[in-house]
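# Report on the structure
One-letter residues, chain by chain:
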Amino acid sequence: MTDTNQRPEHSGDHSAQTPPSGEAGLPTQYAPAEVEGPLYQRWVEAGYFTADAKSDKPPYTIVIPPPNVTGALHLGHAFQHTLMDALTRRKRMQGYEVLWLPGMDHAGIATQNKVEQQLAESGLSRHDIGREAFVEKVWEWKEQYGGRILGQMRRLGDGVDWSRERFTMDEGLSQAVQTIFKRLYDDGLIYRAERIINWCPRCLTALSDIEVEHEESPGELVSIRYGEGDNSIVVATTRAETMLGDTAIAVHPDDERYAHLVGRTVALPLTDRRIPVVADAHVDPEFGTGAVKVTPAHDPNDFAIGQRHNLPSLSVMDEHGAITVHGPFLGLDRLEARSAVVGALREQGRIVAEKRPYMHAVGHCSRCHTIVEPRLSLQWWVKVESLAQAAGDAVRDGRVQIHPKELEKRYFDWVDNMHDWCISRQLWWGHRIPVWYGPNGEQVCVGPDEAAPTGEGWHQDPDVLDTWFSSGLWPFSTLGWPGQTPELEKFYPTDVLLTGHDIIFFWVARMMMFGLYAMDGQAPFHTIALTGLVRDQFGKKMSKSSGTAVDPLDWMNEFGADAVRFTLASGANPGADVPIGEDWVKASRNFCNKVWNATRFALMNGATLDGPLPAADQLAATDRWILSRLNAVVTEADGLYDDYQFAKLSDALYHFAWDEVFDWYVELSKATLIAGGPQADATRRVLGEVLEVTLRLLHPVIPFVTDALWTTLTGRESVVVADWPTADAARRDPAAEAEIATLQQVVTEIRRFRADQGLNPGQKVPARLDLGGTALTAHEAALRSVAKLQPAGDGFHATATLTVAGATVALDLSGTIDVPAERKRLTKDLAAAEKELTQSDAKLANEAFLAKAAPAAVEKIHARRAKAEADIARLAGQLAALPES
């Protein structure tokens, strides 16, 4: 172990001292609500989380995935923040200069919607008050309501550097956005073009792919006949209204069914236009009729076909989703037009087939849930080919590690097949595109240190940038880029990005592209640690509609932040989803209480850190055993932390603390402590050491309860700034571990026998022990104490004898059980077990049954037979051990 008397230099009393005797100032019960808030405030005021860019310590950096300014803490946030906090707390204890940088995203659409709703309550729209006044209103809303999640992060215990909190719309980050836009523009990597985009007719803006939620929805699949006679062709569509904008029909070049039509034209129903039949390899001849309608202005695949065949693109809807084609459908909403178009086609006899309901994936706006419309629109784009190539190469050549490795394929699937990125949004809240247009068609991109062109006819592009554009700069813009700041030099690249695998495509890839581009090929992080998503206890998605959504603050208020944190960490297997339920949080609350109560017990019994830890030859086997196990667990914890195996880490710490320390070691030590003398003093010192190191091991995951206990145990400033434990190989003692394992085996068998006999756990039973000269001889007092065995007195009569690991334990159960009732119960259970064995043997001997039964069914019968045999042996032994009545 590291010397517990060596601590980093921080303000406060560093003198070694033993806490006062008795209850050591600890309340009888742990009350998280009374501890957590004041303790967190003390941490912040002490500056524990404030990073020093001038420090000569090695850096360790995590930038927090910026939550939306409109957001509140949900279980997904709590989950990822718990893991990030655990990583940074451990690294701080290991002597790193840790920067965990917090901040918020301006959340363009979400925030604008909030303020528009506020205006609507007064009967106003943003257009009524104008752009400048509206943006001012948004800033006012942000100051008044935004950032609620930051307070909730404090409640969880996030050890972030609040002095460096950033916001994607603050002055420094806005300068970074303008700088990189200008560089990309000058390098030909940003351009303006008409392309198909996701369009929300309610929010009236383009949407990124991540802002579109696809849901299985009922619709209709309509098959329509175009043309007449031998020159007719049938196509199927779920969006019949878009046929008004068809400019071709496409078939596969090798499809003989339509070879005679390629190059010809057919009449487009309900219009006076004729459209060509073109051959395109994109068409799947095995799907449907093998022919598809081509609407380049309203479908991304159709747009690509149109580009290849020089087809015109006819927009038939306006920004609100209303039909713009002259005729009977003019002005109809797109969904109204769908029914009207199908009705008109039916009247003309052109509907070949109709399928309702037809379940298919339909894109919805994630903010307002309106059905998204693919729409041809003039937008700004990032040319991603070279940027995406660099992002893929950084992982392929090992500069960036993806953990778990099996998720690399998902990353490559995205970056290797990335399409150009639409970055413009038709909003007022956000980073306005820094491009000005002149009266004679001029187009000027302006950098942050350049003056915008002025004069009659000049105006700035009205659109703002996609929120993901600014958040893609987060790892370096938050450190002062484009300036050459001490923070950027010290803390970039960051060490690990810990985030959900669901946004690997959208945020992770964009940060990789921008970081490599802006920072001269230096990737923004060394490791991408991907987590799963938090689910309910049955593994299903949590939702408000199903009543399974949980506010983590409710659980924190009821059970404490540590209980919520430990539950979340306990389910965190790399890349896998995390099921969670209230019962599991209660179990974690019980664990925190166990840590508290065990520490109180130890302090009340004199656990101390005074003086050096005794040498191994001065310690009893029990003490050598627990120190050996402690050092093994320190080594195991380090390996699991470095591999991001939080679930295994939590499990290892839980079982070591609860089972080995609090149950076995404390119980086995009671006899020594009661006996007193030098050996008791040594045990008290070992107990203090084990508790102190265990609290340090647990601290990154459950910081509040461990700090409250550690400061009481040590009399020192805070475990936050204590050293992380290091394993001492000299304290490993395989012989002591084997010796105590044997002792545990004997105690466990006695406890099992007692339970089988129906004895009360606390009931003492007379026993005579023959330990056969084994190492167990030294543990007779401890064995009797934990197994509840009293010495054999006069009149002792052995009614049961156990032989375990070379030890013989004779027990006198006279008067401890109702022998006739117990014999009756055991006889009944034995008969049931024998019947089960007979039935299982009969089935397994039945050739006809075996020939028809599934392998799993046969295996189940074998398992039942094996259990029956074991039960018969156990019950027969118990009957034989009963005294004569």
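What this report covers is the structure whose coordinates are included nearby. Please read these numbers as outputs of a predicted model, since none were measured by experiment.

What follows concerns the overall build of the protein. Along the protein, the regular secondary structure elements total 27 helices and 29 strands. The principal-axis extent of the C-alpha atoms belonging to the protein is close to 115 × 80 × 55 Å. By residue count, 54% of the 885 residues in the protein fall in the buried class. Partitioning the contacts of the protein with sequence separation of at least 6, the portion at a separation of at least 24 is 78%.

Attention now moves to the sheet that holds strand 13 (residues 351-365). With respect to topology, three strands assemble into an open sheet ordered 8-7-13, the strand pairing being antiparallel. The sheet terminates laterally at strand 8 (233-237) and strand 13, the two strands that pair on one side only. Neighbouring strand axes in the sheet, compared pairwise and without regard to direction, differ in orientation by 20° on average. Across the face of the sheet, helix 9 (residues 334-347) comes into contact with strand 7 (212-226) and strand 13 while running at roughly 165° to strand 13.

That bond from Arg 356 to Pro 357 is cis: its omega, -10°, falls within 30 degrees of zero. With respect to the secondary-structure elements, Pro 357 resides in strand 13. A positive phi is found at Asn 310, a non-glycine position, where the angle reads about 55°. Its place among the elements puts Asn 310 in the loop between helix 8 (300-309) and helix 9.

Close contact between helix 20 (residues 646-675) and helix 21 (residues 678-698) brings their axes to 11 Å; oriented N to C, the two are set at 165°. It follows from the interaxial angle that helix 20 and helix 21 lie roughly antiparallel. In the crossing of helix 20 with helix 21, the sense of the turn from one axis to the other is left-handed. Across the interface between the two elements, Leu 653, Phe 656, Ala 657, Val 661, Phe 662, Tyr 665, Val 666, Ser 669, Thr 672 and Leu 673 from helix 20 touch Gln 679, Ala 680, Thr 683, Arg 684, Val 686, Leu 687, Val 690, Leu 691, Thr 694, Leu 697 and Leu 698 from helix 21. Of the residues belonging to the contact of helix 20 with helix 21, the class tally is 15 nonpolar, five polar and one charged.

Next up on the list: the pattern of salt bridges. Per the counting criterion, the structure on display carries 49 salt bridges. Here Glu 211 makes a salt bridge to Arg 425, at a shortest N to O gap of 3.7 Å. You can see Glu 211 sitting in the loop between strand 6 (205-207) and strand 7 and its partner Arg 425 sitting in strand 17 (residues 424-425), a full 214 residues away along the chain. The exposure class assigned to Arg 425 is buried, which follows from its relative accessible area of 2%.

What follows deals with the packing of aromatic side chains. One pass over the structure, following the stated rule, counts 27 aromatic pairs. Relative to Trp 43, the ring of Tyr 40 has its centre 6.1 Å away and its plane inclined at 70°; by these criteria the two rings are edge-to-face. Here the residue Tyr 40 and the residue Trp 43 both occupy positions in helix 1 (residues 32-46), the gap between them amounting to three residues, near one helical turn. Grouping residues by exposure puts Tyr 40 and Trp 43 together as buried. With a centroid separation of 6.2 Å and an interplanar angle of 90°, the aromatic rings of Phe 476 and Tyr 492 are classed as edge-to-face. Linking Phe 476 in helix 13 (residues 474-477) with Tyr 492 in the loop between helix 14 (486-491) and strand 22 (494-500), this pair joins segments that are 16 residues apart in sequence. Taken together, the ring pairs connect Phe 181, Tyr 185, Trp 380, Trp 421, Phe 469 and Phe 514 into an aromatic cluster. Seen from the ring of Trp 199, Arg 375 lies directly overhead, with NZ or CZ sitting 4.8 Å from the centre.

Attention now moves to the sheet that holds strand 19 (residues 443-445). In spatial order, the strands read 19-18-20; together these three strands make up an open sheet with antiparallel pairing. Each end of this open sheet is capped by a strand with a single partner; those strands are strand 19 and strand 20 (459-460). Here strand 18 (residues 435-437) pairs with strand 19 via three bridges, running antiparallel. Along strand 19, the bridge assignment pairs Tyr 437 with Gln 443.

Below, the discussion takes up the nonpolar core. Counting residues in each nonpolar core, the largest one holds 150 residues, and the members touching the most others are Leu 87, Phe 646, Leu 697, Leu 783, Leu 789 and Leu 811. Broken down by element, the residue count for this core peaks at 13 residues, all from helix 20. If we skip the residues at most four places from it in the chain, Leu 87 touches Tyr 60, Ile 62, Val 496, Leu 498, Tyr 641, Tyr 644 and Phe 646. Leu 101, Val 382, Ile 423 and Phe 514 belong to the second largest nonpolar core, which has 62 residues in total.

Moving on to the side chain of Asp 466. Its place among the elements puts Asp 466 in the loop between strand 21 (464-465) and helix 12 (467-471). When its relative accessible area of 1% is taken as the criterion, Asp 466 is described as buried. Here Trp 421 takes part through its side chain, which lies 3.1 Å from a polar atom of the side chain of Asp 466. With sequence-adjacent residues up to four places away left out, Asp 466 is seen in contact with Ser 208, Glu 211, Trp 421, Cys 422, Ile 423 and Arg 425.

What follows covers the pairing of strand 2 (residues 97-101). Among the five residues that make up strand 2, five are buried, leaving the element largely enclosed by the rest of the structure. Here strand 2 shows two buried faces, one formed by Glu 97, Leu 99 and Leu 101 and the other by Val 98 and Trp 100. For the crossover that starts at strand 1 (residues 59-63), traverses helix 2 (residues 75-93) and ends in the parallel strand 2, the hand is right-handed.

Right, let's get into the environment of Gly 688. Summarising the element assignment, Gly 688 is placed in helix 21. With relative accessibility at 0%, the residue Gly 688 sits in the buried group. With 22 residues separating them in the primary sequence, Gly 688 and Trp 710 have C-alpha atoms 10 Å apart. Excluding anything up to four places from it in sequence, Gly 688 contacts Ala 607, Thr 608, Leu 609 and Leu 713.

Conventions and cut-offs
Residues numbered from 1 in each chain as written. Predicted model: local features only at pLDDT ≥ 70, side-chain atom pairs only at ≥ 80, totals over all residues. Heavy atoms only, no water. Helix = DSSP H or I, 4+ residues; strand = E, 2+ residues; numbered from the N terminus. Buried < 20%, exposed > 50% of the residue type's maximum accessible area, 1.4 Å probe, protein only. Contact = heavy atoms within 4.5 Å. Pairing = 2+ DSSP bridges. Axes fitted to C-alpha atoms, helices over the stretch in contact; angles between N-to-C directions. Parallel < 35°, antiparallel > 145°, perpendicular 65-115°, else oblique. Left-handed = near helix turned anticlockwise from the far one by under 90°. Nonpolar A, V, L, I, M, F, W, Y, C, P; charged D, E, K, R; others polar. Salt bridge = Lys/Arg side-chain N within 4 Å of Asp/Glu carboxyl O. Phe/Tyr/Trp six-rings, centres within 6.5 Å; stacked < 30°, edge-to-face > 60°. Lys NZ or Arg CZ within 6 Å of the ring centre and 35° of its normal. Core = buried A, V, L, I, M, F, W, Y, C linked by side-chain atoms within 4.5 Å. Polar contact = N/O pair within 3.5 Å; in protein donor to acceptor, adjacent residues only side chain to side chain. Right-handed = clockwise from strand over helix to strand, strands pointing away.

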